Amino acid sequence: MYAAMMRTLAQTGNGWMTFKDASNKKCNQIGEGSRRAVHLSNLCTEIIEVTDHDETAVCNLGSINLARHMRDGRMDFEHLHATVHTAVRQLDRVIDLNYYPIESTRRSNARWRPVGLGIMGLQDVFFAMGWSFDSPLARHLSARIQEEIYYAALVASVQLAKERGAHPAFKETKAAQGILQYELWGVAPQDPARWDALKAEIKAHGLRNSLLLAIAPTATIASIAGCYECIEPQVSNLFKRETLSGEFLQINRYLVQALKARGLWTEQVRTDIKMAEGSIQGVAAIPDDLKEVYRTAWEIPMRALIDMAADRGAFLDQSQSLNLFMESPKIGPLSSMYFYAWKKGLKTTYYLRSRPATRIAKTTVDSQIPQPAADSKAVACSLENPEYCEACQ
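Description of the structure in this document. (Residues numbered from 1 in each chain as written. Predicted model: local features only at pLDDT ≥ 70, side-chain atom pairs only at ≥ 80, totals over all residues. Heavy atoms only, no water.)

### Some words on the overall build of the protein
Move 1: Of regular secondary structure, the protein possesses 14 helices and 10 strands.
Move 2: Across the 393 residues in the protein, those meeting the buried criterion constitute 51%.
Move 3: Here the analysis covers contacts within the protein between residues at least 6 apart in sequence; of these, 74% occur between residues at least 24 apart.
Move 4: Only carbon and sulfur atoms are counted for the fraction: they give 54% of the accessible area of the protein, which is about 18300 Å². (Helix = DSSP H or I, 4+ residues; strand = E, 2+ residues; numbered from the N terminus. Buried < 20%, exposed > 50% of the residue type's maximum accessible area, 1.4 Å probe, protein only. Contact = heavy atoms within 4.5 Å. Areas by Shrake-Rupley, 256 points an atom, 1.4 Å probe, with all protein chains shown as cover.)

The following block contains the structure:
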């Protein structure tokens, strides 16, 4: 059965995974003696909530653009705390104002009051810092950002509990027992004293929300906000965006700035990047230090993405839409990758991204440059070519 599942992943790329052991053991809604269970995630794999015959899980989502929290070349954590505080209060209010199509959703939301605050623009932060996505510095900052967001969200929820009361099921949660998410991962937080003080506040006043954080894919809102999606590395330095207004060729603005600063943004370099499908690894004119920073998701080891997700997970009470990338999926590497994710304690993974076997001809470069032949299969609606599907993208 496992081999059949890996084979399906390799063929379709539909890599949604919910590891039920981790999802249940680390769910705040399941306190000591509870008979409730997490049966599945939502489609995007970031929502991990209990369900039963009386309650249908729903969640209220929002995302913070990390790129807007940079100041003088560093992350402004004071600004980030303020944004989290505002966002949690707004999402909590949505629970009361929302429309519920069925009674079981209203009952669940009123009892648990879960919200899912996520992030986007993590890649922007690393580009602004001049760090490669999988560098030790980037990994450390990614974990710290998530820890600060978790802390700030809990503080905001305690304050709401003081003002409006804890959610009705608070006494059934792990938090009521003095257990927070990082302890379920066996991770020690920075500045334990502040966390101990927060635990005392939670014990005294409760939490307004049983769950607070979930990192959604943000594909549409990141595009609107002008940042990279959620926690993902860039897929390409050059890509085509299709909207109702037409097709637009977009290039990594951080890379352009770096090349301009060194006098390297030339017509030949632009052409070389186009011909290389947005990769700069084979462009001779670009220095190695820039090649390291501006690698794409296809050029970053998946172990690094999984390690960063695990670091982040210790301060994430729901889950994250973690895409994994493998250019040509095969059962052996797939099995190894997903076993590693499970061993690291991840609750879920999202899509398995693969690349089409064919490429579309470049229409914006010199016609004298040899190009690969266009193949109609590359633009047909096909699970093997999701990047070029003209029907659903």
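There's plenty left to go through after this.
### A closer look at the nonpolar core
Move 1: Ranked by internal contacts, the top residues of the largest apolar core, which has 71 residues, are Phe 126, Ile 145, Leu 154, Trp 195, Ile 202 and Met 337.
Move 2: Counting only elements with at least two residues in this core, the list comes to helix H3 (77-97), strand E5 (115-120), helix H5 (122-129), helix H6 (136-164), helix H8 (192-205), helix H13 (302-313), strand E8 (324-325) and helix H14 (331-343).
Move 3: For this core, the element with the most residues is H6, which contributes 12 residues.
Move 4: What Met 337 contacts, discounting residues up to four positions off in sequence, is Met 302, Ile 306, Leu 324, Met 326 and Leu 352.
Move 5: With 16 residues, the next largest nonpolar core counts Leu 238, Tyr 254, Ala 258 and Tyr 294 among its residues. (Core = buried A, V, L, I, M, F, W, Y, C linked by side-chain atoms within 4.5 Å.)

### Quick look at unusual backbone geometry
Move 1: We note that Arg 113 has phi near 50°; this positive angle belongs to a residue other than glycine.
Move 2: Position of Arg 113 relative to the elements: it lies in the loop between helix H4 (103-112) and E5.
Move 3: Notably, Glu 277 is not glycine yet its phi reads approximately 60°, a positive angle.
Move 4: For Glu 277, the location among the structural elements is in the loop between helix H11 (267-275) and helix H12 (288-293).

### Quick word on the pattern of salt bridges
Move 1: As enumerated under the stated definition, the model contains 26 salt bridges in all.
Move 2: Across the salt bridge formed by Glu 103 and Arg 107, the nearest N and O atoms sit 3.9 Å from each other. Pair noted here: Glu 103 and Arg 107 are both in helix H4, with a separation of four residues, about one helical turn.
Move 3: The salt bridge partner of Arg 139 is Asp 307, with a shortest N-O separation of 3.8 Å. Residue Arg 139 is found in helix H6, and its partner Asp 307 is found in helix H13; the two are separated by 168 residues along the sequence.
Move 4: You can call Asp 307 buried: its relative accessible area is 11%.
Move 5: Taken together, the salt bridges that share partners define one network made up of Asp 92, Arg 93, Asp 96, Arg 113, Arg 164 and Arg 208. (Salt bridge = Lys/Arg side-chain N within 4 Å of Asp/Glu carboxyl O.)

### Brief notes about the environment of Lys 240
Move 1: Mapped onto the secondary structure, Lys 240 falls in strand E6 (residues 238-243).
Move 2: By relative accessible area, which is 45% here, Lys 240 ends up partly exposed.
Move 3: For the pair Lys 240 and Gln 250, spaced 10 residues apart in the sequence, the C-alpha separation amounts to 6.0 Å.
Move 4: Ignoring anything within four residues of it in the chain, the contact list for Lys 240 reads Glu 247 and Phe 248.

### A closer look at the packing of aromatic side chains
Move 1: Inspection of every chain in the model, using the stated rule, returns 14 aromatic pairs.
Move 2: When the centroid spacing of 5.2 Å and the interplanar angle of 80° are considered together, the rings of Phe 126 and Phe 133 count as edge-to-face. Of the two residues examined, Phe 126 and Phe 133, each falls in the buried class.
Move 3: Considering the side-chain rings of Phe 127 and Tyr 254, the 5.4 Å spacing of their centres and the 40° angle between planes classify their relative orientation as tilted. Taken as a pair, Phe 127 in helix H5 and Tyr 254 in helix H10 (residues 253-261) lie far apart in primary sequence, 127 residues in all.
Move 4: These aromatic residues form a ring-pair network of at least three members: Tyr 150, Tyr 151, Tyr 182, Trp 195 and Phe 315.
Move 5: Lying over the aromatic face of Trp 112, Arg 111 brings its terminal NZ or CZ to 5.1 Å of the ring centre. (Phe/Tyr/Trp six-rings, centres within 6.5 Å; stacked < 30°, edge-to-face > 60°. Lys NZ or Arg CZ within 6 Å of the ring centre and 35° of its normal.)

### What to know about H14
Move 1: Helix length check: H14, at 13 residues, gives a terminal C-alpha distance of 18 Å against a target of 18 Å (1.5 Å per residue), a fit within 8%.
Move 2: Taken together, the buried positions of H14 are occupied by Leu 334, Ser 335, Met 337, Tyr 338, Tyr 340 and Ala 341.
Move 3: Once H14 finishes, Gly 345 follows within two positions and takes phi at roughly 90°, a positive value. (Expected span 1.5 Å × (residues − 1).)

### What to know about H3
Move 1: The terminal C-alpha atoms of H3, which comprises 21 residues, lie 30 Å apart, in line with the 30 Å expected from a rise of 1.5 Å per residue.
Move 2: Taken residue by residue, H3 has Phe 77, Leu 80, Val 84, Ala 87, Val 88, Leu 91, Asp 92 and Ile 95 as its buried positions. The arc that holds the buried residues of H3, viewed along the axis, is 135°, so those residues lie on one side. Facing away from the buried side of H3, by more than 90 degrees, are the exposed residues Glu 78, Gln 90 and Leu 97. (Arc of directions from axis to C-beta.)

### Topic: the packing of H13 against H14
Move 1: The contact between H13 and H14 brings their axes to 10 Å, and the two run at 20°. Looking at the two axes, H13 sits roughly parallel to H14. The handedness of the crossing between H13 and H14 comes out as right-handed. Of the residues in H14, those touching H13 at Met 302, Arg 303, Ile 306 and Asp 307 are Met 337, Tyr 340 and Ala 341.
Move 2: The residue makeup of the contact of H13 with H14, split by class, is five nonpolar, no polar and two charged. (Axes fitted to C-alpha atoms, helices over the stretch in contact; angles between N-to-C directions. Parallel < 35°, antiparallel > 145°, perpendicular 65-115°, else oblique. Left-handed = near helix turned anticlockwise from the far one by under 90°. Nonpolar A, V, L, I, M, F, W, Y, C, P; charged D, E, K, R; others polar.)

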